[in-house]
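# Coordinate analysis (summary)
The chain contents come next:
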Amino acid sequence: MAVLQKIRQRSLLLIVVIGLSLLAFIIGDIVQNNSFSSSSNDVGSVNGKDITFEDFRVKVSNLEKSGQGMTSTQAANRVWEQEVSVALLSEEFEKLGLRVGEKHIMEVFKNDQNIGGNPTFQGKDGKFDIAKFKEFFKSNPEQAAMLKDQEKSATLNAKYQIYNTLLKAGMFTTEAEGKLRYKMESDKVTFDYVAVPYTSIKDETVKVTDAEIVEFIKKNEKKYKGEAGRELDYVLIEDKASPEDEAEVKNEINKLLVGGVVYNKETGANDTIVGFAQAANTVEFVNANSEKPYDSTYIAKKDLPAQYAEQLYNLPAGQVFGPYMNGKDYCITKAMGRKSGTSAKASHILISYEGTQVPNKKEKRTKEQAKAKAESLLAQVQANPSSFLMLALTNSDDSSAQQGGDLGYFSPGQMVKPFNDFVFNNSVGKIGLVETDFGFHIINVTDKQDGVRLATISQKIEPSEATADKIYTQAVKFEMDANEKDFAAVAKAEKLTINPSVKVKTMDENFGPMQNQRQIVRWAFDKETKIGDVKRFEIANVGNVIAKVKKASEEGLMSAEDARPMVETIIKNKKKAEKIKAKMAGTSLATIASKNAVTVQNAVDLVLQNPSIPNAGYEPKVVGTAFGTAANKVSAPIEGNTGVYVIQTKVVTKAPVLKSYADYTKKVAQQAAGNAGRVIQALKSDAEIEDNRADFNY
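The residue numbers shown here count from 1 along each chain, following its written sequence. Whole-chain, interface and lining totals are the exception, using all residues; otherwise, since this is a predicted model, local features are given only for residues with pLDDT of at least 70 and side-chain atom pairs are given and counted only at 80 or more. Computation of side-chain values covers all heavy atoms of the structure but excludes hydrogens and water.

## What to know about the overall build of the protein chain
Secondary structure is summarised from DSSP: a helix means a run of H or I of at least four residues, a strand means a run of E of at least two, and numbering begins at the N terminus for each. Counting its regular elements, the protein chain contains 23 helices and 23 strands. A compact globule built from 698 residues would reach a C-alpha radius of gyration of about 26 Å, whereas the protein chain, at 35 Å, exceeds it by more than 25%. For the C-alpha atoms alone, the extent of the protein chain along its principal axes is close to 110 × 80 × 60 Å. Counting only contacts in the protein chain whose residues sit at least 6 apart along the sequence, the fraction spanning at least 24 positions is 69%. Working note: accessible area of the protein chain is about 38,400 Å², and carbon and sulfur atoms make up 50% of it. Every radius of gyration here is taken over C-alpha atoms, with the globule rule written as 2.2 Å times N^0.38, N being the number of residues. Working rule for contacts: check all heavy atoms of both residues, and any pair within 4.5 Å makes them a contact. For the accessible areas, the method is Shrake-Rupley and the probe is 1.4 Å, while residue cover comes only from the protein chains on display.

## Let's talk about the nonpolar core
To define a nonpolar core, start from buried Ala, Val, Leu, Ile, Met, Phe, Trp, Tyr and Cys residues and group those joined through side-chain atoms within 4.5 Å. Think of it in three bands: residues with accessible area under 20% of the maximum for their type are buried, residues over 50% are exposed, and the middle band is partly exposed, with areas taken using a 1.4 Å probe on protein chains only. F56 and Y163 are the most contacted members of the largest nonpolar core, which totals 25 residues. Those elements that place two or more of their residues in this core are β1 (42-46), α2 (53-64), α3 (72-96) and α23 (679-686). The leading source of residues in this core is α3, at nine residues. If near-sequence neighbours (up to four positions away) are discounted, F56 is found in contact with V43, I51, A76, V79, W80, E83 and R693. Counting 17 residues, the second-largest nonpolar core is a separate cluster that includes Y234, V504, F511 and A524.

## Regarding a nonpolar patch on the surface
Like-charged residues within 9 Å of one another, or nonpolar side chains (Val, Leu, Ile, Met, Phe, Trp, Tyr) within 5 Å, are grouped into patches, provided each residue has over 30% relative accessible area and no salt bridge. A carboxyl oxygen of Asp or Glu within 4 Å of a side-chain nitrogen of Lys or Arg is what we treat as a salt bridge. A cluster of nonpolar side chains, contributed by L389, M390 and L393, occupies part of the molecular surface with about 270 Å² of accessible area. The exposure class of M390 is partly exposed, given its relative accessible area of 49%.

## A look at the pairing of strand β12 (residues 431-436)
One bridge is not enough; two strands pair if DSSP finds at least two bridges between them. Sheet topology note: the β12/strand β13 (residues 439-460) ladder contains six bridges and is antiparallel. Across the sheet, V434 pairs through a bridge with H441, a residue of β13. In sequence, β12 turns back onto β13 through a hairpin of two residues.

## Looking at the pattern of salt bridges
Following the criterion strictly, the structure yields 39 salt bridges and no others. A salt bridge links K301 to E310; the nearest nitrogen and oxygen atoms lie 2.8 Å apart. Assessed through its relative accessible area of 27%, K301 is described here as partly exposed. Residue E310 is classed as partly exposed on the basis of its relative accessible area, which comes to 45%.

## With respect to the sheet that holds strand β14 (residues 498-505)
Spatial ordering of the open sheet is given by β14-β5-β16-β15, a layout of four strands whose pairing is antiparallel. The open sheet has two edge strands, β14 and β15 (534-539), and neither has a second partner. Recorded for the sheet is a direction-independent mean angle of 35° between the axes of neighbouring strands. Sheet analysis places β15 next to strand β16 (residues 543-553), joined by six bridges and oriented antiparallel. Bridge assignment links F537 to a residue of β16, and that residue is V545. Together, β5 (229-238), β15 and β16 form the strand contacts of helix α16 (residues 465-484), whose direction differs from that of β15 by roughly 160°. Sitting on the sheet, helix α18 (residues 518-525) is in contact with β5, β14, β15 and β16, with an inclination near 165° to β15. What counts as an axis is a line fitted to C-alpha atoms, over the stretch in contact for a helix, and the angles between N-to-C directions run from 0 to 180 degrees.

## Quick notes on unusual backbone geometry
Going from G322 to P323, the amide bond is cis rather than trans, its omega being 5°. When you line up the elements, P323 lands in strand β9 (residues 320-326). Residue D605 is not a glycine yet carries a positive backbone phi of 55°. Among the structural elements, D605 can be located in strand β18 (residues 601-606). You can call D605 partly exposed: its relative accessible area is 40%. Its identity is not glycine, yet N632 carries a phi of approximately 70°, on the positive side. For N632, the location among the structural elements is in the loop between α21 (620-628) and β21 (638-639).

## What about helix α19 (residues 560-581)?
The term bend refers to the angle at a residue between two fitted axes, each drawn through seven residues, those ending there and those starting there. The sharpest bend along α19 measures roughly 60° and falls at M566. For α19, the full list of buried residues reads A560, A563, V567, I571, K572, N573, K576, A577 and I580. The elements touched by buried residues of α19 are β3 (188-197), α9 (210-219), β21 and β22 (643-653).

## Quick look at the sheet that holds β1
With antiparallel pairing, the three strands of this open sheet are ordered in space as β2-β1-β23. Of all strands in the sheet, those bounded by a partner on one side alone are β2 (49-52) and β23 (689-691). Geometrically, the sheet is characterised by an average inter-axis angle of 20° between neighbouring strands, direction not taken into account. In this structure, β1 lies alongside β2, joined through four bridges in antiparallel fashion. Paired with S45 across the strands is D50, a residue of β2. Packed onto the sheet, α2 meets β1 and β2 and runs at close to 50° relative to β2. Strands in contact with α3 are β1, β2 and β23; relative to β1, the strand with the most contacts, it is inclined by about 35°.

## As for α18
Most of α18 sits out of view: six of its eight residues are buried. Each element contacted by the buried residues of α18 is listed here: α3, β5, β14, β15 and β16.

## Comments concerning the packing of helix α8 (residues 175-186) against helix α22 (residues 662-672)
At their nearest, the axes of α8 and α22 sit 7 Å apart, and the two run at 100° to each other. In terms of orientation, α8 and α22 fall into the roughly perpendicular class. Along its contact with α8, which presents E175, E177, G178, R181, Y182, E185 and S186, the element α22 presents Y664, T665, K667, V668 and Q671. Throughout, the ten residues Ala, Val, Leu, Ile, Met, Phe, Trp, Tyr, Cys and Pro are labelled nonpolar, Asp, Glu, Lys and Arg are labelled charged, and all others, Gly among them, are labelled polar. Residues of the contact of α8 with α22, tallied by class, amount to three nonpolar, four polar and five charged. Here the word oblique covers every angle except those under 35 degrees (roughly parallel), over 145 (roughly antiparallel) and from 65 to 115 (roughly perpendicular).

As structure tokens, then:
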């Protein structure tokens, strides 16, 4: 909901970010990041061209700080892909001698929405004005310097556009290809066949050895290249409060709830403590006794803890609810009052026009045309409110159209002012039209909710210092014992569970069900770490993970174990095919069918473009053989996708010759048009790429 997000909190465009949208795989120059360390100077190389650590480091740091919520590892992986892509493309640009001038660069800037759509650079006609663009940066030297840096990205983008155009222009389609497509769609074959499925032989009767898997993947090396990997067993000793810890917190909350008499050591006398319900100053009482301070905001029912929303929302002022658990917090809550209209729900139909910053407009229109259309839709909705959903779906320029225009709940001030004022100044059911910088909105106010102000005392149930010490001692002891004895035996003795093994690659950061545990992955791949090594890791808010390296595989051809799930069935089917073919000898289909306890079946009018056999599935080899076999001749056994076939072609019906195959040539051309987008992958497959990212700490 890109437009919705802009409506919710719109800010002025900053000129300094004008280059960020130029190329999806290009990141600008950036700042430093101290989370990296390595004695090497290069993160890797592409066809002999080094990617220096220093340059890579600052780009990763910039991406981390870009507000996209990326971790160091995610940013490093993204930058690596970008650096490889840019290096490969730049090499191609150089080979072709591609050059671009100011005109090309300006065209790139013009097509960037942050620039071309920026009113600062638009003339009276609402179009991008190069003179205004140049004048702005001439008058703003500091931003002009930033623009200079971004011209590098614009230059690459301009070259890529030329390169992409050349690729597409080179992907022509001949009439012969169109004619072939026509024949594949229109020539038909009818044949009888006998099929013996691979499933007729039980899997357990066919064994596949590791040697056979290795032999198979060696013949298909490109398909079965493997990254370096590690497999680890681990035990988790959770940071978990003891029953005594839980009882202590609950006892404290219960005392605050009911009050009572407490002995004061300083005065040597008993003090009377009032309960939460009777506290004269509720705010002070909460701040003095709760781990979370008093919050004076009014909360909508939808934002209350789901399990207790009904009770808390309807709690009379001054009354107390609880104790209750909210996550790991033990709580008591007092109602402080209610306020109407603290959140609202609305649907809208957005009709934008040229010049508004709305991506993916359904159609081009002027402001006057947009207003006329919006007024027409408003009249339709007012006459028949139930039509709103369908009209939003078919007309709205906002991504909320997929939800019938529903924007969900929002609070005052979250939407742009005209939109906000209409919703919060009108009652539920009101439909009207407002204009914002995004266009014209037909708005339907669908719901409003009151908010309640609550005073909550909460205390987290967590391990006490004594419990934490006990957990730490147990984890350290387990690590020491497991380094000297059998890992499984130590776990059993301590009554701890060994979790399912976790497989990781060099650039992974997640460890099993735990997010972002890069430290464990780094240790597993450290040059000093050997198979059988054990190490303990403290994970905040989780506990202690004690991990053991179980297996290790290096970069290169996949191991038989890793490849087995992918190739075992293929090899088994090859073996089954040999057994089945031995029983498929015969001069007629009837004889072959009888030997294999199956029936003769018939396939009618199949085509090569869609070679699916009824009751059998996708079998291009079988259908292709049927086209190439003389009529009434029994074929040799054919190894298909699902079984072994013998066919007898009945008739091949040739499609009539056409005067022109232009329509079919066009089909092939349209299908081939997307091939240009696969150039990066094609270049990667033939490139010499050295990846040393795992040698760096992040």
